Amino acid sequence: MATSADLPAVAGTANRPANLPAVLADIAPPPLGRDDPVAPYEALLAHIIAEVKPLGIVEHVWVHDYVDRHFDVVRLRADKANILNANAGQGLRAVLRDLGVKDYFTLAERWHARDPDAIAAVDAALAAANLGPGVVRAQALAAHIREIEAIDRMICIAEARRDETLRQLYGHQAALAERLRNAVAAHEQEQEPVQEHVVDAEFTPVPVQTGQYVEASG
Amino acid sequence: MSRARRAFASRANSRKSTGPNTLAGKSTAARNARRHGLNLPLLHDLGVEPDVDALARLIVGSIVGLAAEPRILALARRIAEAQLDLARIRRVRLPVRARLATEPTVAHELLRLDRYERRALSRRKQALRAFDAALPPLPARKAPAGEMAKRS
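Quick caveat, the model's predicted, so the values are computed rather than measured.

(A) Seen up close, the overall build of chain A. In terms of helices and strands, chain A carries 8 helices and 0 strands. For chain A, the N- to C-terminal ordering of α and β elements is α-α-α-α-α-α-α-α. Residues counted as buried form 26% of the 218 residues belonging to chain A. A sequence separation of at least 24 residues applies to 69% of the contacts in chain A between residues at least 6 apart.

Below, the structure written as structure tokens:
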């Protein structure tokens, strides 16, 4: 019977080049700009490496790809929210202008700067027109709908690529496992066949000592 | 239409339909189509060739018992080429991506750049499939104790 010790060696820590991080930084650069915080990316990468335990340079590249795409998805979602928030003032300006509010431009600027008087004035103006705060967000979205749509497409693409990377990694690992299975099967065939018939032998019955067993009571 | 007006219109039309005359103007116009150079194959830059070779050898070397035969190395080179192309594309994309938060219109530029990444990813996928399919079966041998498969 083959055991794990019979498996041929595969690429492991012993085969990892000493300069692997430098090589990976060169061939799979992290998607971080100059001002982007490194810590969240590094933490996610370390977590995924610990989980997947990649072997060899190719699997390491896949893991980096997976983390990069996931990181992209998270950041694109944040960017989308930031664009909407940053343009809320512009959205409010359009709403107040349509409502015929006097000095709507300055009022929208003060509201965007979170001036309490301006917030109260805007709330009153919206309530008078039977509108909720959602219209401001809707106007901001309308102003940048093409960009938001483009970001949504990028999110979809990044998610699809992230999942595809995982499928490729599993496919590769399955191919490796298949090779290992075949190697073990070939090794077993090379060994002497296991004797399947039982050879009769003499034996002596051992007397049961009193108190050794407890009889089952009915 | 008088002859003078016709001549004037003719000269104006001519200016619209002809290119630059000066050397400086011609050299500027020659670079019109070049923005990032991602349409060029990676190996157009001869300086990249050693990097492709080194990465191909690293890929082959990371698989125990795999000899660096020319056929296997050629397949590994395809992976290396696609991977280095991906790295090149991502480096071009990075500064554009950094502007997205403050300049939402760059989202369209990012989408345009994406097709280069899609092509490189497709090339890498095909190359990896061909490489995996070409791997010889592992030799059947009894490994000494402690040499069992280790996950790093």
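After that view of the structure, there is still more to cover.
(B) Looking closely at the domain arrangement of chain A. One can read the domain layout of chain A as domain 1 (40-83 + 162-190) and domain 2 (88-143). Relative to domain 2 of chain A, the C-alpha centre of domain 1 of chain A lies at a distance of 47 Å.

(C) Expanded view of unusual backbone geometry. Residue and element names in this part refer to chain A. Residues other than glycine seldom take positive phi values, yet Lys-53 does so here, at roughly 50°. Mapping Lys-53 onto the fold places it in the loop between α2 (39-52) and α3 (56-86). Of the residues examined, Lys-53 has 14 C-beta atoms within 10 Å and is grouped as partly exposed.

(D) Representation of the nonpolar core within the structure. Grouped together as the largest cluster of nonpolar side chains are 29 residues, with contacts concentrated most on Leu55(B), Ala56(B), Ile59(B), Ala76(B), Ile79(B) and Ala80(B). For this core, the elements supplying multiple residues, two or more each, are α3 of chain A together with α3 (49-61), α4 (70-98) and α5 (106-134) of chain B. If you look at the next biggest cluster of nonpolar residues, it comprises 12 residues, including Trp111(A), Val122(A), Val136(A) and Ala140(A).

(E) Representation of the environment of Trp111(A) within the structure. All names here are of chain A. Considering the arrangement of structural elements, one finds Trp-111 in helix α5 (residues 104-112). Separated by 20 residues in sequence, Trp-111 and Leu-131 place their C-alpha atoms 16 Å apart. Beyond its immediate stretch of four places on either side in the chain, Trp-111 contacts Gly-89, Leu-92, Ala-118, Ile-119 and Val-122.

(F) Representation of the packing of helix α4 (residues 88-99) of chain A against helix α7 (residues 134-143) of chain A. Residue and element names in this part refer to chain A. Here α4 crosses α7 at 105°, and the two axes come no closer than 7 Å. Between α4 and α7, the angle is such that the two are roughly perpendicular. Listed contacts from α7 to Ala-88, Gln-90, Gly-91, Leu-92, Ala-94 and Val-95 of α4 are Val-135, Val-136, Arg-137, Gln-139, Ala-140 and Ala-143. Of the residues contributing to the contact of α4 with α7, the split by class is 8 nonpolar, 3 polar and 1 charged.

(G) Main features of the environment of Leu86(B). Residue and element names in this part refer to chain B. Inspection of the secondary structure puts Leu-86 in helix α4. With 23 C-beta atoms packed within 10 Å, Leu-86 lands in the buried category. For the pair formed by Leu-86 and Arg-71, sequence separation is 15 residues and the distance between their alpha carbons is 23 Å. In contact with Leu-86, other than residues within four places in its own chain, are Glu-117, Ala-120, Leu-121 and Arg-124.

(H) Fine view of α4(B). If you check α4(B), its first and last C-alpha atoms are 42 Å apart, about what 29 residues at 1.5 Å a residue would give, namely 42 Å. Within α4(B), the axis deviates most sharply at Val92(B), by approximately 25°, and proline Pro95(B) lies no more than four positions further along.

Conventions we followed
- Residues numbered from 1 in each chain as written.
- Chains lettered and ligands numbered in written order.
- Predicted model: local features only at pLDDT ≥ 70, side-chain atom pairs only at ≥ 80, totals over all residues.
- Helix = DSSP H or I, 4+ residues; strand = E, 2+ residues; numbered from the N terminus.
- Buried ≥ 20, exposed ≤ 12 C-beta atoms within 10 Å, placed from the backbone.
- Contact = placed C-beta atoms within 7 Å.
- Domains from an automatic or database assignment.
- Core = buried A, V, L, I, M, F, W, Y, C linked by C-beta atoms within 7 Å.
- Axes fitted to C-alpha atoms, helices over the stretch in contact; angles between N-to-C directions.
- Parallel < 35°, antiparallel > 145°, perpendicular 65-115°, else oblique.
- Nonpolar A, V, L, I, M, F, W, Y, C, P; charged D, E, K, R; others polar.
- Expected span 1.5 Å × (residues − 1).
- Bend = angle between axes of the 7 residues up to and from the residue.

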